[in-house]
Every structure is written in C-alpha cells, then in structure tokens.
Amino acid sequence: MIKGADYKKSIRKTAAFLVDYIMEEKHCSRDDAVAMLIKTTVYEALMDEETDLYLESRESVLDILKEELAGNPYRLLEV
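Presented here is an overview of the structure given in this document.

1. So, the pattern of salt bridges
Summed over the entire model, instances satisfying the criterion amount to one salt bridge. Across the pair Arg30 and Asp20 runs a salt bridge, and its minimum N-O distance is 3.2 Å. Here Asp20 lies in helix 1 (residues 4–26) and Arg30 lies in helix 2 (residues 30–38), a separation of 10 residues in the sequence. Look at Asp20 and you get partly exposed, because its relative accessible area is 39%.

Shown next, in the form of structure tokens:
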C-alpha cells in the first residue's frame, strides 16, 4: 500500500518528467509546459488517486500523454 507522502512524491516526479518532455517537444518555458500539462486529461487522471495512474511508469504515462497531445484522448481509458 502506498502512503499519502509516497503517492504525492510519485505524482510530482511523474508530472516533472512530463513537463520536461513538453518543454523539449514544444520548445516552451517551464511555466507554459505546466499550463499545457494541467489542461490534459492525463494530468487530471494522474491527480485522481482512484485511477492508479500514478502507479504506472513515467514512460507509460508519457506514452498516454503523447497520444492525447496527438489528438487521441481515448488512450487513457485503456490504462
């Protein structure tokens, strides 16, 4: 069982990984990347403890984000 502090740490690390990807891919600032991430369903699911998305590897979550950014938000339902 993951404790609250571990859950939050996992989310922060995954979110930071996603922000770094967005910054590199979109050639934007950290603030812009954070704003972009917050608008995604991936971020919404990551913040929702019930989805267990935070248990997935950062790379798996990134793959889902890439699909959403490419216009296919339904990939999230397969997790």
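2. A few points about the environment of Val61
If you trace the backbone, Val61 turns up in helix 4 (residues 58–69). Distance in space between the C-alpha atoms of Val61 and Thr14 is 7.8 Å, their sequence separation being 47 residues. Not counting residues within four places of it along the chain, the set of residues in contact with Val61 comprises Thr14, Leu18, Val42, Leu53 and Glu56.

3. Considering the packing of aromatic side chains
Counting across every chain of the model gives one aromatic pair. A centroid spacing of 4.6 Å and a plane angle of 80° characterise the contact between Tyr7 and Tyr54, whose relative ring orientation is edge-to-face. Of this pair, Tyr7 sits in helix 1 while Tyr54 sits in the loop between helix 3 (41–47) and helix 4; the two residues are 47 residues apart in sequence, bridging distant segments of the chain. Tyr54 matches Tyr7 in its accessibility class, with the two residues each being buried.

4. Considering unusual backbone geometry
Unusually for a residue other than glycine, His27 sits at a positive phi of about 55°. Along the chain, the position of His27 falls in the loop between helix 1 and helix 2. What makes His27 exposed here is its relative accessible area of 72%. With phi around 60°, Asp52 is a residue other than glycine that occupies positive phi space. Mapped onto the fold, Asp52 is located in the loop between helix 3 and helix 4.

Criteria and cut-off values
- In every chain, residue numbers begin from 1 and rise along the written sequence.
- pLDDT decides what is reported in this predicted model: residues at 70 or higher carry local features, side-chain atom pairs at 80 or more are listed and counted, and totals for whole chains, interfaces and linings draw on all residues regardless.
- The side-chain values count all of the structure's non-hydrogen atoms but skip hydrogen atoms and water molecules.
- Here, a salt bridge means any side-chain nitrogen of Lys or Arg that lies within 4 Å of a carboxyl oxygen of Asp or Glu.
- Numbering of helices and strands starts at the N terminus; helices are DSSP runs of H or I of at least 4 residues and strands are runs of E of at least 2.
- Exposure categories follow from relative accessible area, calculated using a 1.4 Å probe and restricted to protein chains: below 20% of the type maximum is buried, above 50% is exposed, and the middle band is partly exposed.
- Only heavy atoms matter for contacts: two residues are in contact if any of them lie within 4.5 Å across the pair.
- For Phe, Tyr and Trp, where Trp contributes only its six-membered ring, two rings pair if their centres lie within 6.5 Å, and the inter-plane angle classes them as stacked under 30 degrees, edge-to-face over 60, or tilted in between.

Taken by themselves, the reported measurements are silent on function.
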